[in-house]
Amino acid sequence: MEEDKKSTAVQPEEAPKPKPRHRKAASPQPAADTPPAPTDSAEPPAADGQTTKKPAASPKKPRAKKNTKTTKTAKSKTPKAAKTAKKAPADETQERKAPAQESPAPAAPGFETGPEPKSESKPELPETPAREDAAAPTVPDVPSTPEPPEPAERAEPAGTEPEPAADAPAADDTPAAEAPPEAAAADIVGTDTPEQTGDAPAEGAAEPSGLVFSDDLANDKALAAEAARMANISRTAQLSIAQIMAGLEENPAPSAGSTPVSEAPQHDSADDEDDEPQDTIPQALGRGVFGMFKWLLLVVLFVLIIAGGGVAWLYRSATPDMLPEVKVTFDGQELAPTAYKWHVPVVGSFFRRTYAETLNSSPVVLEDAISDASPDIIVTPSDYSTQLTITDADRETVYEGSATAFRSYLFAENGTFDAKLVVTASDSAAEDSSSVTGTETWQFRFTVSIKPSITLCTPTVQQGSVAAVRVGSTMSQTEPTLTGPLESTGFVRAANGWICYLPIPWNAETGNTELAVTADGYTETLTLSVRAASYSYKDYSAKSQLTSPYIGADDAPDAVRKLLTTDGGEIQWAVGGFVQPFLDSFDTPLLYGMTEYVGRSYSERSTNYGYGGRTSTNVVIKPKKSKDSMIVPASGHVLLAEDLGGSYGYTVVIDHGAGLRSIFYGLTALDVEAGDDVKQGQLLGTSGRTVVAELRIGTVPINPLLVWRGQCDGLKYY
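Residues numbered from 1 in each chain as written. Predicted model: local features only at pLDDT ≥ 70, side-chain atom pairs only at ≥ 80, totals over all residues. Heavy atoms only, no water.

A. Representation of the overall build of the protein in the model. Counting its regular elements, the protein contains 12 helices and 30 strands. Among the 718 residues that make up the protein, the fraction classed as buried is 40%. Here the analysis covers contacts within the protein between residues at least 6 apart in sequence; of these, 76% occur between residues at least 24 apart. Total accessible area computed for the protein in this model is approximately 39,200 Å², and 52% of it derives from carbon and sulfur atoms. (Helix = DSSP H or I, 4+ residues; strand = E, 2+ residues; numbered from the N terminus. Buried < 20%, exposed > 50% of the residue type's maximum accessible area, 1.4 Å probe, protein only. Contact = heavy atoms within 4.5 Å. Areas by Shrake-Rupley, 256 points an atom, 1.4 Å probe, with all protein chains shown as cover.)

What follows is the structure in structure tokens.
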């Protein structure tokens, strides 16, 4: 019975499935050259023990020397497996050996009476490198490309085929994922002894195999060795099956009704340090970023403290002495500012210190009145932008613009005005960002009291000549006026104001003449001195000797008379002046101011006194040749060009501007028409035997010869 009990396979205890964890190898023996544990993609080996790898054609007997070389080769190929392998405790080894007893290798018939017949072939395992402790479980860190395990061919004792223990639980700590069955078999039959590996029990212990030995043969060393060999073969086959099952359970396929066995995790005090969870890459990266952020925060805080101290020092250094000095003068009077607001740079253009103050809330009143219609305002420096606004007493804006454009402005009337000038220094106008920017304001009140300039251009003139009065620029656009004993056509626009031409008749009273000129509300009295002109006279015994044709001051035809009262245009003789109307020389039988007498006595002729004479107010011209050509004496506009008949003949009236008109009677042909603008020297027409030439300002005739010869000073002002 005891022998029967010995032959009975020891049922393994159901060991709890330990939680896979990384372990340090107990002994740095090289791992077998085994493929990684099978994954879901790998096809699991058959449970019935059929091999999936073709066995070697001619297995050889394992030799210790070759196993040693193979072990070295396996170490170089799988260093990771060697590092993760760890020797299992003795109790785990016994538990893993126990399943091998479920399927004891059946002994051949008649095994009890004698040794095994030698004719039976003994299966030999293929050469495998010496393995590490088979009971040490290893779990790979990260399986590389998994390949299905190749179980070794199981050794069958004496023609018997052991049944695989399909119901035995597979332990996770078995080296199924590291060593194939061939390696396990080689481990047993190699150079390692049971004492070295710790897989075989000590001598005298109960044999774990299912064989029954008789008492007579118990002490037989040969049988004992054979029994040990058979036990090793059976254990090797069982371990191979367990390794295959462990590889399948790493990636178990879901099946109905299968319930995983919960195993209590085993704790090893020596591996507490390894049980701590490793940080993932995002966690490690997050801790690094957080640490860097704290470091940067400290750096920024330090920099801010230093920068704040520097800014505070620069802020205290921005004193009012850095404010710009701007000067403003108005019509020669320096103005005082009423307010300012300047920004002094502390840190470039990003941070500035502001100085602002209102010096005077009411406008500053200027003491001196403005006597010029266009006063100047000057701002120094001139590179600042300016804005000037001027309002009158009714709060209406009369000017708004820059100080530079104000130079061309003219005040239209006298009165009191309020002005506001704002000088601005902006970043765009500044050369760099370190310049002071801001504004400064001037508010002032001034009075415009303009007295226009009135000038008598010709203080002394002779009879038959022209006097000129000039008035400068006026605030208002109203034409000045002149009153006095002399007739005038009024003021006309001139280059710098106004001008008026006064014709002096041939018989004007000599001496001083008072003239009153009014402009912009101011009236000024001028004194003109008239001197007598030297005239000649003629005496005839008969009236038939009088010069003909004769056209007196009151003898002008109506067509000409009505043109004399019209307003004159702009001055036309400013360019070129006047010239005589004939290119060749001519005779003047009757001059301007000459008096013709008929039948005077000798005493009257000697004293040039008498009655009944006639005085010429024009010039009678007799050309050297008949029908001589005539030219225009000065530029102007043709008012009349037609044949008036009788003693007038073809008559031409030319307006030269300012009321000055040239009149020619007695032409035989005309080369101009009414409405033509003519130039000096242009062909006017053809003369007859005599031509009457007349020059008038308004209705008053003046001496044409003085004008043609450039001896009339008054017409030289325009």
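B. Quick look at the sheet that holds strand 21 (residues 595-598). Spatial ordering of the open sheet is given by 19-21-22, a layout of 3 strands whose pairing is mixed. At either margin of the open sheet sits one strand with a lone partner, and together these are strand 19 (537-540) and strand 22 (614-615). One ladder, built from 4 bridges, connects strand 19 with strand 21; its direction is parallel. Among the inter-strand pairings, Tyr537 is bridged to a residue of strand 21, identified as Thr595. (Pairing = 2+ DSSP bridges.)

C. Representation of the nonpolar core in the model. Judged by nonpolar contacts, the single largest core of 39 residues is most densely connected at Tyr501, Trp573, Leu660, Phe664, Leu684 and Leu715. Broken down by element, the residue count for this core peaks at 5 residues, all from strand 29 (residues 683-697). Counting 34 residues, the second-largest nonpolar core is a separate cluster that includes Leu323, Ala403, Ala419 and Val423. (Core = buried A, V, L, I, M, F, W, Y, C linked by side-chain atoms within 4.5 Å.)

D. Seen up close, the pairing of strand 26 (residues 650-657). Of all the 8 residues making up strand 26, 7 are buried; the element is thus mostly covered by neighbouring parts of the structure. Here strand 25 (residues 636-643) pairs with strand 26 via 6 bridges, running antiparallel. Counterpart to His637 in the pairing with strand 26 is Asp655. Remark: 6 residues form the turn of the hairpin made by strand 25 and strand 26, two consecutive strands paired antiparallel; Gly645 in that turn has positive phi of roughly 75°. Taken together, the 6 bridges between strand 26 and strand 27 (residues 660-670) define a ladder with antiparallel strand orientation. Bridge pairing in strand 27 places Tyr650 opposite Leu667. Counted between consecutive antiparallel strands, the loop separating strand 26 from strand 27 contains 2 residues, among which Ala658 sits at a positive phi close to 60°.

E. The arrangement of the packing of aromatic side chains in detail. Within the structure shown, the criterion is met by 19 aromatic pairs. Taking 4.9 Å as the distance between ring centres and 50° as the angle between the ring planes, the aromatic pair formed by Phe330 and Phe446 counts as tilted. Separated by 116 residues along the polypeptide, Phe330 in strand 1 (residues 327-330) and Phe446 in strand 10 (residues 437-448) bring together distant segments of the chain. In this pair, the class of Phe330 matches that of Phe446, namely buried. Note on Phe406 and Phe411: the rings are 6.2 Å apart at their centroids and 75° apart in plane angle, and the pair reads as edge-to-face. Each member of the pair, Phe406 as well as Phe411, is classed as buried. Every member of this aromatic cluster is reached through a ring pair, and the members are Phe330, Tyr399, Phe406, Tyr409, Phe411, Phe417, Phe444 and Phe446. (Phe/Tyr/Trp six-rings, centres within 6.5 Å; stacked < 30°, edge-to-face > 60°.)

F. Seen up close, the pattern of salt bridges. Using the criterion set out here, one finds 8 salt bridges in the structure. Here Arg696 and Glu694 are joined by a salt bridge, their closest N and O atoms 2.4 Å apart. For the pair formed by Arg696 and Glu694, the shared burial category is buried. With its nearest N and O atoms 3.5 Å apart, the salt bridge here joins Asp713 to Lys716. Take Lys716: its relative accessible area is 48%, and that puts it in the partly exposed class. One network of salt bridges, with partners in common, ties together Arg395, Asp418 and Arg445. (Salt bridge = Lys/Arg side-chain N within 4 Å of Asp/Glu carboxyl O.)

G. Representation of the sheet that holds strand 13 (residues 466-471). Pairing in this open sheet of 4 strands is antiparallel, and the strands run 11-13-16-15 from one edge to the other. In the strand order of this sheet, the two ends are held by strand 11 (454-456) and strand 15 (491-494), each with one partner. Adjacent strand axes in the sheet meet at a mean angle of 25°, parallel and antiparallel pairs treated alike. Pairing between strand 11 and strand 13: 3 bridges, direction antiparallel. Of the residues in strand 13, the one forming a bridge with Thr455 is Arg470. (Axes fitted to C-alpha atoms, helices over the stretch in contact; angles between N-to-C directions.)

H. Layout of a nonpolar patch on the surface. A contiguous nonpolar patch, built from Met292, Trp295, Leu296, Val299, Phe302, Val303 and Ile306 and spanning about 720 Å² of accessible area, is present on the exposed surface. For Val299, a relative accessible area of 32% corresponds to the partly exposed category. (Patch = residues over 30% accessible without salt bridge, like charges linked within 9 Å, V, L, I, M, F, W, Y side chains within 5 Å.)

I. Highlighting the pairing of strand 3 (residues 339-347). Judged from the 8 bridges that link them, strand 3 and strand 4 (residues 351-358) form a sheet pairing that is antiparallel. Across the sheet, residue Pro345 finds its bridge partner in strand 4, namely Arg352. Bridging between strand 3 and strand 10 involves 5 bridges; their strand directions are antiparallel. Looking across to strand 10, one finds that His343 is bridged to Thr437.

J. Molecular detail of the confidence of the model for the protein. On average, residues of the protein carry a pLDDT of 73, and 64% of them reach 70 or more. Scored below 50 in pLDDT, residues 1-214 makes 330 contacts in the model with residues more than four places away or belonging to other chains. In this model residues 253-265 is a low-confidence stretch, pLDDT under 50, and it forms 9 contacts with partners more than four residues away in sequence or in other chains. (pLDDT = per-residue confidence, 0-100.)

K. Spatial organisation of unusual backbone geometry. Cis rather than trans, the peptide bond between Thr380 and Pro381 has omega equal to 0°. Ser548 connects to Pro549 through a cis peptide bond whose omega is 0°. Mapped onto the elements, Pro549 comes out in the loop between strand 19 and helix 10 (558-564). Of note, Asp520 is a non-glycine position whose phi angle comes to about 55°, a positive value. Turning to its location among the elements, Asp520 is positioned in the loop between strand 17 (511-519) and strand 18 (522-531). Relative accessible area serves as the criterion here: at 18%, Asp520 is assigned to the buried category. In the Ramachandran plot, Lys627 falls in the positive-phi region, its phi being about 55° despite a non-glycine side chain.

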